[in-house]
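Structural description and commentary
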Amino acid sequence: TERSHPDDHDRATELFGVQIWVALPDGTEDGSPSFDHCATSDVPEATVGGAHIRVPAGWAWGMEAPITGSSPLALAEIQLGEGADLRLPTDHPERAVLALDGDVRIDGTRLAQGSLAVLDRGTRPMLSGAGTALHLAGEPVGARHIWWNFVHSDLDRIEDAKQRWLAQEFPTVPDDHATYVPLPGSGG
């Protein structure tokens, strides 16, 4: 769950993170929940074209992470050093770059912090600048719908999930006994 610890409520804290949702392929959307963890020391990393690359999930730049994902994908954190020129791979048909901070450029065009650039299939643009970016890539899985915390290819399944949430039929998270979070728009 996404809650801060009560001991931290009175302290000024700063947190920076990116939450990434990966759509499950057809036929696996209704499977059992699962969780994969890998230690920071197990994340493969390399320096390529003046950029430091870490691949925590999937595979890219010849590196394979211990967390493979539910379909062929890549999640790579890229730290661009001054003068970095990193050619983006075409290993996956759908690809994007998310600028996190600093000066991130795609083929010389600056990508504003927090902006996502969806790359054309088969192209090999040059990533340059001095900043941090995420490279997101994968296989197409088809159309997905999202409503609050529910994602599915079938809108009827999302409506069913809303009703199950209202009835509090979802199992609780182990060791988290905090107050139920109401469905948005349900009035509590």
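Structure shown above.
What counts, and where the lines are drawn
Residues numbered from 1 in each chain as written. Predicted model: local features only at pLDDT ≥ 70, side-chain atom pairs only at ≥ 80, totals over all residues. Heavy atoms only, no water. Pairing = 2+ DSSP bridges. Helix = DSSP H or I, 4+ residues; strand = E, 2+ residues; numbered from the N terminus. Salt bridge = Lys/Arg side-chain N within 4 Å of Asp/Glu carboxyl O. Buried < 20%, exposed > 50% of the residue type's maximum accessible area, 1.4 Å probe, protein only.

What follows covers the pairing of strand 2 (residues 51-60). For a regular strand, side chains alternate in direction, first toward one face of the sheet and then toward the other. Examined bridge by bridge, strand 1 (residues 45-48) and strand 2 share four bridges and lie antiparallel to one another. In the sheet register, A46 faces strand 2, and the bridge partner there is I53. A loop of two residues connects strand 1 with strand 2, the two strands running antiparallel in sequence, and G49 in this loop sits at a positive phi of about 55 degrees. Pairing analysis gives six bridges linking strand 2 to strand 4 (residues 73-80), with the strands arranged antiparallel. The residue of strand 4 that forms the bridge with R54 is E77. Across two bridges, the pairing between strand 2 and strand 3 (residues 63-64) is antiparallel. Along strand 3, the bridge assignment pairs A60 with M63. Hairpin geometry of strand 2 and strand 3 is characterised by an intervening segment of two residues between the two adjacent antiparallel strands and by a positive phi of about 50 degrees at W61.

This structure, assessed with the given rule, holds eleven salt bridges. Between E29 and R144 there is a salt bridge; the shortest N-O distance is 3.3 Å. Taken together, the residues E29 in the segment before strand 1 and R144 in the loop between strand 9 (126-138) and strand 10 (145-147) connect sequence positions 115 residues apart. The class for E29 is buried, based on a relative accessible area of 17%. The salt bridge involving R157 is made with D160; its shortest N-O contact spans 3.3 Å. With R157 and D160 both in helix 1 (residues 155-166), this residue pair falls three residues apart, about one helical turn. It is possible to trace a salt-bridge network through shared partners that takes in D26, E29 and R144.

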